[in-house]
Amino acid sequence: QVHLVESGGGLVQAGDSLRLSCAASGRTFSRYAMGWFRQAPGKEREFVAAIRRSGSSTVYGDSVKGRFTISRDNAKNTVYLQMNSLKPEDTAVYYCAAGGIATMAVSTYDYWGQGTQVTVSS
């Protein structure tokens, strides 16, 4: 069992940066691949980024490539999402998730946080 808590969301202007954090409970954090997803009102949950257990490999959604960076610190049981050059269309609730493999599919993740709101004004 993994309990995930996101933080770092807020209201920013277009072009600004934010760093989201996701703290995981338990001693097994390093056994899980981690992902970030987002969901805007009226839209489906969208893949943002994922990182392998060791942090050796990452994958990104097309809409955030080159602007967002996912990283993890297994010693701190935390995964991060650095978001640069934010756009109004990045506005959404951002969720972190833990699963067996680092994929883009929502269904492959077993544990989810409650989400943190990111709002980007134009």
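See the structure printed just above.
Reading the values: the criteria
Residues numbered from 1 in each chain as written. Predicted model: local features only at pLDDT ≥ 70, side-chain atom pairs only at ≥ 80, totals over all residues. Heavy atoms only, no water. Helix = DSSP H or I, 4+ residues; strand = E, 2+ residues; numbered from the N terminus. Buried < 20%, exposed > 50% of the residue type's maximum accessible area, 1.4 Å probe, protein only. Disulfide = S-S within 2.5 Å. Pairing = 2+ DSSP bridges. Salt bridge = Lys/Arg side-chain N within 4 Å of Asp/Glu carboxyl O.

K.L.:
How should I be thinking about unusual backbone geometry in this particular structure?
P.N.:
With glycine set apart, most residues show a phi of negative sign, and most peptide bonds adopt trans. We note that Asn77 has phi near 55 degrees; this positive angle belongs to a residue other than glycine. Here Asn77 shows up in the loop between strand E7 (68-73) and strand E8 (78-83). Residue classification places Asn77 among the buried positions, given a relative accessible area of 18%. Positive phi is not limited to glycine here, since Ser85 has a value of about 50 degrees. Within the secondary structure, Ser85 sits in the loop between E8 and strand E9 (92-99).

K.L.:
I would appreciate a short explanation of the state of the cysteines in the present structure.
P.N.:
Among covalent bonds in proteins, the disulfide is the one between the sulfur atoms of two cysteines. Applying the stated criterion to the full structure yields one disulfide. Residue pairing for Cys22: its cysteine sulfur links by disulfide to Cys96, the two sulfurs lying 1.9 Å apart. Where Cys22 bonds to Cys96 through sulfur, the torsion about that S-S bond is close to 45 degrees, and the disulfide is right-handed. Taken together, the residues Cys22 in strand E3 (residues 18-24) and Cys96 in strand E9 connect sequence positions 74 residues apart. According to the relative accessible area criterion, Cys22 is buried, its value standing at 0%. Take Cys96: its relative accessible area is 0%, and that puts it in the buried class.

K.L.:
Can you help me understand the pairing of E9 in this one?
P.N.:
Regular strands place side chains that alternate from one sheet face to the opposite one. Counting buried positions along E9 gives seven out of eight residues, so the element sits mostly inside the fold. As defined by bridge partners, strand E4 (residues 33-39) adjoins E9 across seven bridges and the pair is classed as antiparallel. Its bridge partner being in E9, Gly35 is matched across the sheet by Ala97. By the bridge criterion, three bridges tie E9 to strand E11 (residues 116-121) in an arrangement that is antiparallel. Paired with Tyr94 across the strands is Thr116, a residue of E11. One ladder, built from three bridges, connects E9 with strand E10 (residues 109-112); its direction is antiparallel. Across the sheet, residue Ala98 finds its bridge partner in E10, namely Tyr111.

K.L.:
What exactly am I supposed to notice about the pattern of salt bridges here?
P.N.:
A side chain with one charge can pair with a side chain of the opposite charge if their charged atoms come near. Summed over all chains, the structure comprises four salt bridges. In this structure, Arg38 and Asp90 form a salt bridge, with 2.8 Å as the shortest nitrogen-oxygen distance. Of this pair, Arg38 sits in strand E4 while Asp90 sits in the loop between E8 and E9, placing them 52 residues apart in sequence. Each of the two residues, Arg38 as well as Asp90, counts as buried. With its nearest N and O atoms 3.2 Å apart, the salt bridge here joins Asp62 to Lys65. Members of the salt-bridge network, linked through shared partners, are Arg38, Glu46, Arg67 and Asp90.

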